[in-house]
Amino acid sequence: MPSPVDVTQNGNARHVEAAPSLFEIEEDLARLLERPRQVNIERKRSFDERSFSEMSMTHSPPRQAYKNSENSSRVFDNMVGVYSPGRWSGIHTPRSAFGFEPHPIIGDAWEALRRSIVNFREQPVGTIAAIDNSAEELNYDQVFVRDFVPSALAFLMNGEPEIVKNFLLKTLRLQSREKKIDQFKLGDGVMPASFKVLHDPVRNYETITADFGESAIGRVAPVDSGFWWIILLRAYTKSTGDTSLAEMPECQRGIRLILEMCLSEGFDTFPTLLCADGCSMIDRRMGVYGYPIEIQALFFMALRCALLLLKPDEENRQCTDAIIKRLHALSFHMRSYFWLDIKQLNDIYRYKTEEYSHTAVNKFNVMPDSLPEWVFDFMPCRGGYFIGNVSPAHMDFRWFCLGNCIAILSSLATPEQASAIMDLLESRWQELVGEMPLKICYPAMEGHEWRIVTGCDPKNTSWSYHNGGSWPVLLWLLTAAAIKTGRPQIARRAIELAESRLLKDSWPEYYDGKLGRFIGKQARKFQTWSIAGYLVARMMLEDPSHLGMIALEEDKMMKPTMKRSASWTC
Ligand code: GLC
């Protein structure tokens, strides 16, 4: 067959690679999308896949494990299929990997994302939270660490790692600043929630100011920033194959500082991390103080990433030992006590209270009367999820999207739990996705509960903003989780819903209403992470090998403590 001919802009004919027939394209796509469970993210077993259980059990002290590994660069030896420079060359991207024309809004999305880039002394260092001239800026003119993550992933997937590297280095420098709220000094490891580039027109000089919580509404330090920083450093390393950044002494120290704050011994009786309300994406009072799922899942993922990034030397030994021990305890605790499915729900419903001693079944003395009515209807026969919070006599049964998706990506969820979470999403589609993906949490608090728990917050009224609002940024997390569990059709459905509105609505920050039908009351337009989240979701769906930079394989040596309740029939 003669090779097909394409006509270029200036009218010349050139030969292009034989385009696949529609039938071939459909077959390819179907094969990819209907791939059986558990996409094989890593092509070969490497340090990246090494079990942390293995590290602690087969080699003691763990340092020995490192000695036995050929050398530390093995950590990053399996980059196959992840790095694809410039495939989506931004707005000029002609076709996708499967020969389809890209969705028309992709070009607009790239343009908007590029407009949000912030430069510092002529180097790109991040993306601004939102460019909405119609609303008060507040701190939306800053580069938020958590908001930059989807932007960073989009750039990495597009083969543009420079901005990500600059961001990682710039925030690392900010970490070493002294951080104080009034007279009180924060931990050395705290990473900023956000930063801003200031331009002095007189001296023609740029400086950076950062916010570690001392300017934030509510004055809460962002516990999630440090975890995202570590997760992003691993994504950068995995995607580029450049180990030199993570191996810099400054980066190694940065990782240790972040984790030492979380791993220090104290009065804790649980391996989970005790937090103040509003210390993560939900950065206002929402009753997520204590042990919120979002932080616990990010903590677990950051610990696992750190284990891959820390060099096997004497300086890191104590930290690495502590990480390994914590990972064991944390996964046991989360899988046992945060997991809820219909059997577990029934067990809690029948709990006895006031038990004492080691034989107690109801260890945290949860009162069955505290079970909210909605949870009995919400819980499907097939499916389950990690609940919002567990502490003494307190279980927050709300569903939180980010924590559950990160639990899947980090393999904090066992494979059974991961597919149960996807089952739940499918069977509660109306509630959790509705008309605009995705609900940040479910259900919303109303009336008296809203008054008590949020302190009458007018921004967090029922089914708005953090209180049951729908956040398009969460689309990339759903997509990654869906691909990891071998169910990309779930992501495709959600992406199509988002595509029907996002551009038309100018990329809102969030949507309101039970079904997410209305642009949020105070939502910013051109919210960067809504744009980047969509692009990342699209790129991952088209090339699932991108998943490797943001997902970790199951740790084969970890004994799952709790499987989903398979025996339940209803
Ligand atoms: C809001 C969100 C927070 C986000 C910030 C910037 O405060 O609650 O998660 O980082 O806006 O977009």
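Everything numeric in this text was worked out from a predicted model, so none of it was measured.

Novice: What's the story with the site of the ligand in this structure? I'm lost.
Specialist: Residues in contact with the ligand, as listed here, are Ala129, Tyr140, Phe144, Arg146, Asp147, Met281, Asp283, Tyr465, His466, Glu509, Gln527 and Trp529. In this structure, an oxygen atom belonging to the ligand sits 2.7 Å away from a main-chain N or O atom of methionine 281. In the environment of the ligand, an oxygen atom lies 2.7 Å from a nitrogen or oxygen atom belonging to the side chain of aspartate 283. Taking 310 Å² as the accessible area of the ligand by itself, protein coverage stands at 96%. Residues of the shell around the ligand, tallied by class, amount to 6 nonpolar, 2 polar and 4 charged.

Novice: Would you take a moment to explain the pattern of salt bridges for this structure?
Specialist: Applying the stated criterion to the full structure yields 17 salt bridges. Aspartate 141 is the partner of lysine 196 in a salt bridge, and the nearest nitrogen-oxygen pair spans 2.6 Å. Of this pair, lysine 196 sits in strand β8 (residues 194-200) while aspartate 141 sits in the loop between β4 (123-127) and β5 (143-144), and the two are 55 residues apart along the sequence. For arginine 538, the salt bridge goes to glutamate 499, with nearest N and O atoms at 2.7 Å. Highlighted residues: arginine 538 in helix α20 (residues 528-542) and glutamate 499 in helix α19 (residues 488-499), separated in sequence by 39 residues. Both residues of the pair, arginine 538 and glutamate 499, belong to the buried class. One network of salt bridges, in which partners are shared, links Arg382, Asp423, Glu426 and Arg487.

Novice: Mind showing me how you'd approach the packing of aromatic side chains here?
Specialist: Given two aromatic rings, one states the distance between the centres and the angle between the planes to describe the pair. Across all of its chains, the model carries 22 aromatic pairs by this definition. Taking 6.1 Å as the distance between ring centres and 55° as the angle between the ring planes, the aromatic pair formed by tryptophan 110 and phenylalanine 155 counts as tilted. You can see tryptophan 110 sitting in helix α4 (residues 105-115) and its partner phenylalanine 155 sitting in helix α5 (residues 145-157), a full 45 residues away along the chain. Each of the two residues, tryptophan 110 as well as phenylalanine 155, counts as buried. When the centroid spacing of 6.2 Å and the interplanar angle of 80° are considered together, the rings of tryptophan 471 and tryptophan 529 count as edge-to-face. With a gap of 58 residues between them, tryptophan 471 in the loop between α17 (447-454) and α18 (475-484) and tryptophan 529 in helix α20 connect regions that are remote in the sequence. For tryptophan 471, a relative accessible area of 2% gives the class buried. Tryptophan 529 gets classed as buried once you look at its relative accessible area, which sits at 7%. Aromatic ring contacts, followed pair by pair, group Trp374, Phe378, Tyr385, Trp399, Tyr442 and Trp463 into a single cluster. A cation over an aromatic ring shows up here: lysine 459 above the ring of tyrosine 465, its NZ or CZ 4.2 Å from the ring centre. Over the aromatic face of tryptophan 429 sits the side chain of arginine 493, whose NZ or CZ is 4.0 Å from the ring centroid.

About the cut-offs
Residues numbered from 1 in each chain as written. Predicted model: local features only at pLDDT ≥ 70, side-chain atom pairs only at ≥ 80, totals over all residues. Heavy atoms only, no water. Near = heavy atom within 4 Å. Polar contact = N/O pair within 3.5 Å; in protein donor to acceptor, adjacent residues only side chain to side chain. Areas by Shrake-Rupley, 256 points an atom, 1.4 Å probe, with all protein chains shown as cover. Nonpolar A, V, L, I, M, F, W, Y, C, P; charged D, E, K, R; others polar. Salt bridge = Lys/Arg side-chain N within 4 Å of Asp/Glu carboxyl O. Helix = DSSP H or I, 4+ residues; strand = E, 2+ residues; numbered from the N terminus. Buried < 20%, exposed > 50% of the residue type's maximum accessible area, 1.4 Å probe, protein only. Phe/Tyr/Trp six-rings, centres within 6.5 Å; stacked < 30°, edge-to-face > 60°. Lys NZ or Arg CZ within 6 Å of the ring centre and 35° of its normal.

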